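# Remarks on the overall topology
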Amino acid sequence: MAKNFYDILGVSKSASADEIKKAYRKLAHQHHPDKNKGDEAKFKEVNEAYQVLSNAEKRQQYDQYGQTFDQAQRNGQGFGGFGGGGGNPFEGFQGFGGNGGQVEWDLGDIFGDLFGMRQQRQARRTRGVDLEMQLNLTFEEAVFGVEKSITLEKKDKCPTCKGNGAEPGTKIETCPKCHGQGHIRTTRQTIFGNIQSNVTCDRCDGDGKIPVSPCHTCKGSGVLKQEKTLQVKIPAGIDNGQRIRIAGEGEVGYRDSQAGDLYLVMKVAPHKEFKRDGYNLYKDVPISFAQAALGAKIRIATLDGEIELKIPAGTQSGKVFRVNGKGVPHVNSGKRGDLFVTVRVIVPNKLNKKEADLIKKLAEIEGESVEVDKGLWDSIKDSF
Ligand SMILES: [Zn+2]
Ligand SMILES: [Zn+2]
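Structural notes, computed from the coordinates. Bear in mind the structure is a predicted one, so any value in this text is a computation, not a measurement.

Right, let's talk about helix α9 (residues 353-366) for a bit. Relative to the 20 Å expected for 14 residues at 1.5 Å per residue, α9 spans 20 Å between its end C-alpha atoms, a close match to the ideal helical length. At the C-terminal side of α9, G367 shows a positive phi close to 70°.

Strand order in the open sheet formed by four strands is β10-β11-β15-β14, with mixed pairing between adjacent strands. Strands at the two margins of the open sheet, each flanked by one partner only, are β10 (275-277) and β14 (320-323). Strand after strand, the sheet turns through a mean of 30° between neighbouring axes, direction not considered. Relative to strand β11 (residues 280-288), β10 runs antiparallel, the two sharing three bridges. Note that in β11 the partner of K275 across the bridge is Y282.

Looking now at unusual backbone geometry. With a phi angle near 55°, H179 is a residue other than glycine that sits in the positive phi range. Note that H179 resides in the loop between β3 (172-174) and β4 (183-190). Phi is positive for K219, which is not a glycine, with a value near 60°. Checked against the element boundaries, K219 lands in the loop between β6 (209-211) and β7 (223-234).

Moving on: the side chain of H271. Structurally, H271 is set in the loop between β9 (262-268) and β10. Under the relative-accessibility criterion, H271 is labelled buried at 19%. Separated by 3.2 Å, the side chains of H271 and E140 make a polar contact. With sequence-adjacent residues up to four places away left out, H271 is seen in contact with F139, E140 and L303.

Should the charged atoms of two oppositely charged side chains come close, the side chains can pair. Counting across every chain of the model gives 19 salt bridges. Here K283 ties to E273 by a salt bridge, and the two come within 2.8 Å at their closest N and O atoms. Of this pair, K283 sits in strand β11 while E273 sits in the loop between β9 and β10, placing them 10 residues apart in sequence. Residue class for K283 comes out buried when judged on its relative accessible area of 6%. When salt bridges that share partners are traced, they join R127, D130, R245 and D261 into one network.

Pairing within the open sheet is mixed, and its three strands lie in the order β1-β9-β8. At either margin of the open sheet sits one strand with a lone partner, and together these are β1 (131-137) and β8 (243-246). Each strand axis lies, on average, 30° off the axis of its neighbour in the sheet, ignoring direction. With seven bridges joining them, β1 and β9 adopt parallel strand pairing. Counterpart to L131 in the pairing with β9 is L262.

Relative to strand β5 (residues 193-200), β4 runs antiparallel, the two sharing eight bridges. Paired with H183 across the two strands is T200, which belongs to β5. Linking β4 back to β5 in an antiparallel pair, the connection comprises two residues.

Along its 14 residues, helix α3 (residues 40-53) runs 20 Å from first to last C-alpha, staying within 8% of the 20 Å computed at 1.5 Å per residue. All buried positions along α3 are accounted for by F43, V46, N47, A49, Y50, V52 and L53. Of the residues that open α3, the one with a side-chain oxygen 3.1 Å from the backbone nitrogen of A41 is D39.

Right, let's get into the packing of aromatic side chains. A complete count under the given rule lists two aromatic pairs for this structure. Seen from their ring centres, Y24 and Y50 are 3.8 Å apart, and the 5° between their planes marks the pair as stacked. One end of the pair, Y24, is in helix α2 (residues 17-31); the other, Y50, is in helix α3, and 26 residues separate them in sequence. Assessed through its relative accessible area of 16%, Y24 is described here as buried. Look at Y50 and you get buried, because its relative accessible area is 16%. Both rings, one in Y282 and one in F340, keep their centres 5.2 Å apart while their planes meet at 15°; by these two values the pair is stacked. Linking Y282 in strand β11 with F340 in strand β15 (residues 339-346), this pair joins segments that are 58 residues apart in sequence. With relative accessibility at 32%, the residue Y282 sits in the partly exposed group. Judged by its relative accessible area of 14%, F340 falls in the buried class. The lysine or arginine in question, R243, covers the ring of Y263, its NZ or CZ lying 4.2 Å from the ring centre.

How each quantity is defined
- Residues numbered from 1 in each chain as written.
- Chains lettered and ligands numbered in written order.
- Predicted model: local features only at pLDDT ≥ 70, side-chain atom pairs only at ≥ 80, totals over all residues.
- Heavy atoms only, no water.
- Helix = DSSP H or I, 4+ residues; strand = E, 2+ residues; numbered from the N terminus.
- Expected span 1.5 Å × (residues − 1).
- Pairing = 2+ DSSP bridges.
- Axes fitted to C-alpha atoms, helices over the stretch in contact; angles between N-to-C directions.
- Buried < 20%, exposed > 50% of the residue type's maximum accessible area, 1.4 Å probe, protein only.
- Polar contact = N/O pair within 3.5 Å; in protein donor to acceptor, adjacent residues only side chain to side chain.
- Contact = heavy atoms within 4.5 Å.
- Salt bridge = Lys/Arg side-chain N within 4 Å of Asp/Glu carboxyl O.
- Phe/Tyr/Trp six-rings, centres within 6.5 Å; stacked < 30°, edge-to-face > 60°.
- Lys NZ or Arg CZ within 6 Å of the ring centre and 35° of its normal.

The quantities given are spatial measurements derived from coordinates; they are silent on function.
Following this line, the structure appears as structure tokens:
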């Protein structure tokens, strides 16, 4: 039993608001945890008492109902703790089992209602959980699309009862408690006046119907963890990190309620030759000095096979050529991006005598200094 708030603050029941304030200030100062002789427990107690007695409305309730008020507040907070537990609708809410549908006069219940805690009881009826899964694709699969077979373990419809929760061959009846309504209307006397509320029926969990004899496989929930294999069409043009939603392929909900969705997150492997940026592809192509200087028609590999690329005479290393329509298809329109080819002029690292002589001759024409002794030429040639 908590102590009387008036005793905690050391004031009489008829104390004025001012007296309460003064008493509180003095005690809060005295017990403040930051102080040498502070006492955190007492400080909290004092604060709790002041929270109520400094508020005219709360004080009136406290005077009328005494300790229960404190209790109710605690209950209210306690229920709030369940707020985040949406992940597992079948196990997370067991704590409510015995409490559901109580219509007796209970302050804890009132606070539950006021703070919206009633909704928690309906969690069993909400749709199944969404799932997320990584899907590995090759670079080409992402560009051109692919059909994949994926297997996952999830809560799916119970194969015995097909999800309705009833033992095969047995009936599903209208719930006798709510008469098929799924909720029960209650009117309760509270400190704030009468509150009418619709409480989810605890007998049928809001279904309005119940299996006469619950399925032995799933114990009436209609769901069972099992493996499932799906055929999934991945559209051409999908990119690394993008998600595909497959509606209704998440976990199945309680007794045939709506299933969640499955999200596939694409993990695309890199390519040795091509880089991708959105719908465009990029690659480097080596060309020789002669090809760059004189111009050439070279064959280059695209993701669609080889094509011919015309290199004009006098092309510099690093020049970028755009090949229209050889990029990645847009996921929606199918229109394709482009391929950007960067040519790299490669300096030969292996020269035979004839090649070396020709290049030397070229240097002489250009008036460039390439005074290299014979021995060095040979060593360069040999070292590769
Ligand atoms: Zn079943
Ligand atoms: Zn019912």
